[in-house]
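These are the residues of each chain, in order.
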Amino acid sequence: QVQLVESGGGLVQPGGSLRLSCAASVGVFDVMGWYRQAPGKERELVADMNRGGRANYADSVKGRFNIFRDNAKNIVSLQMNSLKPDDTAVYYCAARLSLTARYYWGQGTQVTVSS
């Protein structure tokens, strides 16, 4: 059974940094990444990466966030720098299983950027 376990959320001041990590229990995933959902807003893609290492970022985070992936360990991480209050949201890890193209989701981790 595929499970995604996230860690690393929390409270940080504007301009600070946080690193999120997500580990998948089993499976081979062609895409792994992060989405976020702020109160009253739709869930949106933050960044994702394919197995070959090609990354895709939302315009709002380009130059501030970096995504990393370890295919052998089924881990995807998101380094978030220069955080802004607008980055406050629940962040979800997502992974698309290569065999079925089905997406699996983590439980979500809260990131709050506030002074």
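Residues numbered from 1 in each chain as written. Predicted model: local features only at pLDDT ≥ 70, side-chain atom pairs only at ≥ 80, totals over all residues. Heavy atoms only, no water.

Peer 1: Which residues make up the nonpolar core, and what values do they have?
Peer 2: Within the largest apolar cluster, 30 residues are counted, with the highest numbers of intra-cluster contacts made by W34, L78, M80 and Y91. Looking at this core, the elements with two or more residues in it are strand 3 (18-24), strand 4 (29-37), strand 5 (44-50), strand 7 (65-70), strand 8 (75-80), strand 9 (89-97) and strand 11 (109-113). The residues contacting Y91, other than those within four sequence positions of it, are E6, L20, W34, Y35, R36, V46, F65, L78, M80, G108, T109 and V111. (Core = buried A, V, L, I, M, F, W, Y, C linked by side-chain atoms within 4.5 Å. Buried < 20%, exposed > 50% of the residue type's maximum accessible area, 1.4 Å probe, protein only. Helix = DSSP H or I, 4+ residues; strand = E, 2+ residues; numbered from the N terminus. Contact = heavy atoms within 4.5 Å.)

Peer 1: Give a detailed account of the side chain of T109, specifying residues and quantitative values.
Peer 2: Structurally, the position occupied by T109 is in strand 11. Within polar-contact distance, the side chain of T109 engages the backbone nitrogen of G9 at 3.4 Å. Apart from residues lying up to four places away in sequence, T109 is in contact with E6, G9, L20, A89, V90 and Y91. (Polar contact = N/O pair within 3.5 Å; in protein donor to acceptor, adjacent residues only side chain to side chain.)

Peer 1: Residue-level account of the packing of aromatic side chains, with values.
Peer 2: One pass over the full model with this rule turns up 2 aromatic pairs. With a centroid separation of 5.0 Å and 65 degrees between ring planes, the pair formed by Y35 and W105 is classed as edge-to-face. One end of the pair, Y35, is in strand 4; the other, W105, is in strand 10 (residues 103-105), with 70 residues separating them in the sequence. Judged by its relative accessible area of 38%, W105 falls in the partly exposed class. (Phe/Tyr/Trp six-rings, centres within 6.5 Å; stacked < 30°, edge-to-face > 60°.)

Peer 1: Can you lay out the pattern of salt bridges for me, pointing to particular residues and giving the numbers?
Peer 2: Applying the stated rule across the entire model yields 5 salt bridges. D30 serves as the salt-bridge partner of R96, at 3.1 Å between the closest nitrogen and oxygen. On the criterion of sequence distance, the pair formed by R96 in strand 9 and D30 in strand 4 is long-range, its members being 66 residues apart. Judged by its relative accessible area of 26%, R96 is partly exposed. In this structure, the salt-bridge partner of D87 is R36, at a minimum N-O distance of 3.0 Å. With D87 in the loop between strand 8 and strand 9 and R36 in strand 4, this pair connects stretches of sequence that are 51 residues apart. Using a relative accessible area of 1% as the deciding quantity, one classes D87 as buried. The network of salt bridges with common partners includes R36, E44, R64 and D87. (Salt bridge = Lys/Arg side-chain N within 4 Å of Asp/Glu carboxyl O.)

Peer 1: Go over the state of the cysteines, please, and point to the residues and values.
Peer 2: Tallied over the full model, the rule gives 1 disulfide. Covalently, C22 is tied to C93 through a disulfide, its sulfur atoms 2.1 Å apart. In this structure the cystine formed by C22 and C93 twists about its S-S bond by roughly -80 degrees; its chirality is therefore left-handed. Here the residue C22 occupies a position in strand 3, and C93 occupies one in strand 9, the gap between them amounting to 71 residues. An identical accessibility class is assigned to C22 and C93; each is buried. (Disulfide = S-S within 2.5 Å.)

Peer 1: Kindly report on the pairing of strand 11, identifying the contributing residues and their values.
Peer 2: When a strand is regular, its side chains alternate between the sheet's two faces. Residues T109, V111 and V113 point to one face of strand 11 and are all buried, whereas Q110 and T112, pointing to the other face, are not buried. Where strand 2 (residues 10-12) lies against strand 11, 3 bridges are found, and the strand directions are parallel. By the bridge assignment for strand 11, G10 is matched with V111. Alignment of strand 9 against strand 11, held across 3 bridges, turns out to be antiparallel. In the strand pairing of strand 11, Y91 is matched with T109. (Pairing = 2+ DSSP bridges.)

From the geometry alone we can't say anything about function, so treat these as descriptive.
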